[in-house]
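Here are the chains, one letter per residue:
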Amino acid sequence: MSHRLEPKDDVSYLTPDEIVSRLQDEFACCTADRDEGKDVVGDTIAKLIELNAPQEIIDQQVAAQSGAITVLIADDDTTEDYLQFTVKPNEGILVGYFSGQHEDATRPLLDRCACVLDYRIELL
């Protein structure tokens, strides 16, 4: 299962830098890695090409790649209860889980993330 964080109705997406800034203010452990973000989007682009996805979708990912940031959030740096996701310009945040147990354990992090960003949580 996964969730997507999206802006509330009629509100623009926050920039990746603003998202990182807000999350760093909220969480004791928040790392942001631009190189990893670019790599994650690069892998997505390669997979889309392999699957013969529509060029428009590939172009959107190419445009987002330079601004992508992979973020890890947790309440401390020793816990296994953390969330990691890649933030891209003008896109919602896709949050995936290792297992149902991981999803349950990290739900408070997801809720706080949505609150600090003023985003809604959508079940996918």
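Located above this text is the structure these notes cover.
Residues numbered from 1 in each chain as written. Predicted model: local features only at pLDDT ≥ 70, side-chain atom pairs only at ≥ 80, totals over all residues. Heavy atoms only, no water.

Draft legend 1. Up close: the packing of helix H1 (residues 16-26) against helix H4 (residues 100-117). Taken N-terminus to C-terminus, the directions of H1 and H4 make an angle of 125 degrees; their axes are 10 Å apart at the nearest point. Classified by the angle their axes make, H1 and H4 are oblique. The hand of the H1/H4 crossing is right-handed. The segment H1 lies against H4, with Ile19, Arg22, Leu23 and Glu26 engaging Arg112, Cys113, Val116 and Leu117. Class assignment of the residues belonging to the contact of H1 with H4 gives a composition of 5 nonpolar, no polar and 3 charged. (Axes fitted to C-alpha atoms, helices over the stretch in contact; angles between N-to-C directions. Helix = DSSP H or I, 4+ residues; strand = E, 2+ residues; numbered from the N terminus. Parallel < 35°, antiparallel > 145°, perpendicular 65-115°, else oblique. Left-handed = near helix turned anticlockwise from the far one by under 90°. Contact = heavy atoms within 4.5 Å. Nonpolar A, V, L, I, M, F, W, Y, C, P; charged D, E, K, R; others polar.)

Draft legend 2. Up close: the sheet that holds strand S3 (residues 69-74). Taken in spatial order, the 3 strands line up as S2-S3-S4 in an open sheet, and their pairing is antiparallel. Sheet topology places strand S2 (29-33) and strand S4 (83-87) at the edges, where each strand pairs with a single neighbour. Here the average twist between neighbouring strands, direction ignored, is 20 degrees. Strands in contact with H4 are S3 and S4; relative to S4, the strand with the most contacts, it is inclined by about 50 degrees. (Pairing = 2+ DSSP bridges.)

By themselves these figures say nothing about function.
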